[in-house]
Amino acid sequence: MEDKTKRPFHVLPKDVRPTNYALTLQPDLELFNFRGTVDVDVQVKCVTSQVVMNSVDIDIISATYMPGSAADGETAIELTATGINYQNEDEKVTLTFASALALGNGKLRIDYTGELNDKMKGFYRSKYQTPDGETRYAAVTHLEPSYARSVLPCWDEPAIKVTFDVTLVVPEGRLALSNMNETGRRPCANKPGLVEVSFARTPIMSTYLLAAVVGEYDFVEGRTSDGTHVRVFTPLGKAEHGHFALEVAIKTIPFYTQYFDVPYPLPKIDLIAIADFSVGAMENWGLVTYRELALLVDPKSSSSEARQSVALVVGHELAHQWFGNLVTMEWWTHLWLNEGFATWIEYLCVDHCFQDFHIWTQFVAKDHSRALDSDGLENSHPVEVEVGNPGEVNEIFDAISYSKGASIIRMLHAFIGDAAFRKGLHLYLTKFEYRNAATEDLWACLEESSGQPVAAIMRTWTKQLGYPVLHVSDEQQGEDRILNITQEKFCAGGTFKGDSSPTWMVPITISTGDNPSEVRMTVLLETQSTTVTIPGLKENQWVKLNSGTVGFYRTCYSQPMLKALIPAIQDQSLPPCDRLSIQDDLIALSCAGVVSAADVLQVMEAYMNEPDFTVWMSLNVNISSIAVLLINTDCFPSFQSYVVDLFTPVGMRLGWEAIPGEGHLDAMLRTTVLDRLGRYGHRPTLAEAKRRFADHVEGRRTLPVDTRRPVYIAVLRHGDSIVMDTILKMFRETDELEEKHRIQMVLGAASSSELLQRALDFSLSEEVRPQDTVFVIASVAGQSRLGMGMAWDFVRENWMELNGRYQGTSMLGHLVWTAGNFASEERALEVKAFFDTHAVPSAERAVQQAMENIRLNAAWLERDCAALKAFLEGRSTRGGDTSTVCA
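Values in this document were obtained by computation on a predicted structure and should not be read as measured data. (Residues numbered from 1 in each chain as written. Predicted model: local features only at pLDDT ≥ 70, side-chain atom pairs only at ≥ 80, totals over all residues. Heavy atoms only, no water.)

(A) Representation of empty space enclosed by the protein. The final tally for this structure, using the stated rule, is 6 cavities of 30 Å³ or more. In this model, the largest cavity occupies a volume close to 80 Å³. Every residue lining the largest cavity is listed: Ser 126, Tyr 128, Ala 138, Glu 216, Tyr 217, Pro 235, Leu 236, Ala 273, Ile 274, Ala 275 and Glu 292. Looking at the lining of the largest cavity residue by residue, the class counts come to 8 nonpolar, 1 polar and 2 charged. (1 Å grid on protein atoms, 1.4 Å probe; cavity = no way out; pocket = protein on both sides within 12 Å on 5 of 7 lines; lining within 4 Å. Points joined across faces, edges and corners; volume = space filled by probe spheres on them. Nonpolar A, V, L, I, M, F, W, Y, C, P; charged D, E, K, R; others polar.)

Take a look at the structure:
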């Protein structure tokens, strides 16, 4: 996917380097601009008359340079820049002085102005309402990956780490926050109504971690067991919504301190909920910014899913305080090192804090499976992908950097063991603290701590695109079981197009039917094929590869081996992660043309009495993959009946009401099951949903939060404009953030073109924050064939506005994927034609992946439609027999 038309990229010259920024920012919350002054302590390393820095969307008023001797009280001549030359396309500015700058230390002073923009990047404005309904604005920074240059002229590269002294000039009565603790506050001379707030000097850090917030917030606070001051800032009047995140943070920081054996290096950590925020959260050192939904939990009305999500996001961002902030990747090529690690350890942390979440099983369904799906595409990318211009980075804030990165770290952790892993992490963090590192540096430390060939193993996972599928068959020889294992690159399209398939060094774990929960053997597959002997295994015992689904690969079993595993699914003697992975691998193998989709549906019947939420979550996702195909056919009603039959037993067991003593995951399972049953017209579920909705609307009985989504979806799917009016009225009247989000995400369930168009128009209205527009459109695209086409038309018709809002951000990729679930070559060509004339440099890979996915769907449908139709029409005569599965 190399684009030969890209401008060549060059890092900044090394002749002048900063050592400290003394930054003063004065945002105007009414005129939406800001004034800035920055005094930069620099070292002139080569004689030059020019200083080249990063700068974009900034108007420099003046720039001067004072040689270092002046700082010592000696006479020196201040130089004024005679030229200020902007290179806008390169996001650079060159300051030219009349004479050369002498070698040594000096101070560069720049006065400038900028816009307090509405793009949710750089220094921007965020709209909020006070408790009495007045609309006001906060000023917020979001600087990753390369937006610091729009806040101050600077050396905006992650390897150029320096300290910062921040001062904020703000209106009286407004809160001012930055990375460090406040050290002073005084009225501004000659500026009535303004106060100057100063902060302690930061540690050495990268520019993208700088942070400032000015606004009105309430907060709750506490201290960790090791004395770190923790505050959670909430919208005014909602301080109680910060208590859960505070609880998580107070547990998390000591956990990481102990796990890394490295103390948290700042005196405080603030977590703040921002009304307008383009991503989930940002790990600014000492001042972590969050989308409101990613931080706030209403103790009275937040769902189980919301609490769990907040715990994971808090754990992720706090992990970055060490892994990313204390030690930072040397360049964006190693972004995965930050994000993959933080994604893995957020689960470790939440498992420590909330063991009843059974979070590692959920990791398999959410991150592991998501990464396998993305990395099976021809248009995936290696974990380590060469990045030139930082503008390219938004393309790799994706499932590969986060979820595959986390998955291969989990695999490595299991292979070398927790003790060696922790020892290696400690070595890495202490060796490179306040510095930068590359992927190879982490491997070297883990290799030293474990004695294992970590670098050799992991290079096969980070440098190569994709992952293997292991084909396995077995035979009994006396008392021993012999496994024949061969690896090849898994391709969602079915065929590897290179000369020869790459190979990976694969840690393989093996479990057996005589002790399903234990790893019986671990072998390292270093070649394309191997033979493994399992001694003393009786002929009637099954064999399962990838125990616990820790390895990042798929498994294709011979027909006898798969058939032997079916009873262990039915009686749940296989652990949940293993039950989950069998059907997840089968659906992927079906997409690739190895297994018939009809045979996959037959195996899914073995899960009818499945008790585990996460297994059902994975089944539900994979059923949606088949629904996307069949929605284009006349056998879709038969498929809906199949799904209703599959989900009805667990729906009957759970019912609508929480059972005393039931767990956190039962509530989430109830939501998933009732959602699917109502969506597919299960009559008892639909009747009960309508009754409960009427009671809720008329004030007779409030719906429990964990059943609201399935109720809303059911009544919208089978309702009229009156239902839509009622739900939008509920949206306008509630001040609960989670409820607003929930309603936005269900609007696409409507079944008529008129109602779906209302939902789409609503997405661009003033009632929907720009950060949420994309998700309303995605809701329409993802719930029906009609909605899919209408959403894609809407995106094209409103492209100028949408592109203007989200240009250069990862949100454009979400918009591209509104077209990704079509299933015809005509639609693939339509997507190509549109983006050929509407270039999206920050989402080019998303365009290629969406087209690839459309073509995969089309091929899958053509290949399996007849078999699916025959299975669905004839299943009542077969009684759910699972013995004829192909492999």
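What follows continues from the structure just given.
(B) Here's a closer look at the pairing of strand 14 (residues 212-215). Of the two faces of strand 14, the one holding Ala 212 and Val 214 and the one holding Val 213 and Gly 215 are both buried throughout. Note: strand 9 (residues 135-142) against strand 14, 2 bridges, orientation antiparallel. Bridge assignment links Val 140 to a residue of strand 14, and that residue is Val 213. Both strand 11 (residues 175-178) and strand 14 contribute to a ladder of 4 bridges, which runs antiparallel. Following the sheet pairing, Leu 175 is matched in strand 14 by Gly 215. (Buried < 20%, exposed > 50% of the residue type's maximum accessible area, 1.4 Å probe, protein only. Helix = DSSP H or I, 4+ residues; strand = E, 2+ residues; numbered from the N terminus. Pairing = 2+ DSSP bridges.)

(C) Representation of the nonpolar core. Counting 307 residues, the largest nonpolar core has Leu 108, Trp 155 and Phe 639 as its most contacted members. Considering each element in turn, this core owes the most residues, 12 residues, to helix 4 (residues 335-353). Ignoring anything within four residues of it in the chain, the contact list for Leu 108 reads Val 38, Asp 39, Val 40, Val 42, Val 51, Met 53, Thr 64, Tyr 65, Leu 95, Phe 97 and Trp 155. (Core = buried A, V, L, I, M, F, W, Y, C linked by side-chain atoms within 4.5 Å. Contact = heavy atoms within 4.5 Å.)

(D) Structural context of the sheet that holds strand 24 (residues 506-512). Judged by pairing direction, the sheet is antiparallel, and its 3 strands sit side by side in the order 25-24-27 without closing on themselves. Both edges of this open sheet fall to strand 25 (521-525) and strand 27 (543-545), since each of them pairs with a single strand only. Ignoring strand direction, the axes of neighbouring strands in this sheet form an average angle of 25 degrees. Inspection of the sheet shows strand 24 paired to strand 25 by 5 bridges, in the antiparallel sense. Looking at strand 25, one finds that Ile 510 is bridged to Met 521. (Axes fitted to C-alpha atoms, helices over the stretch in contact; angles between N-to-C directions.)

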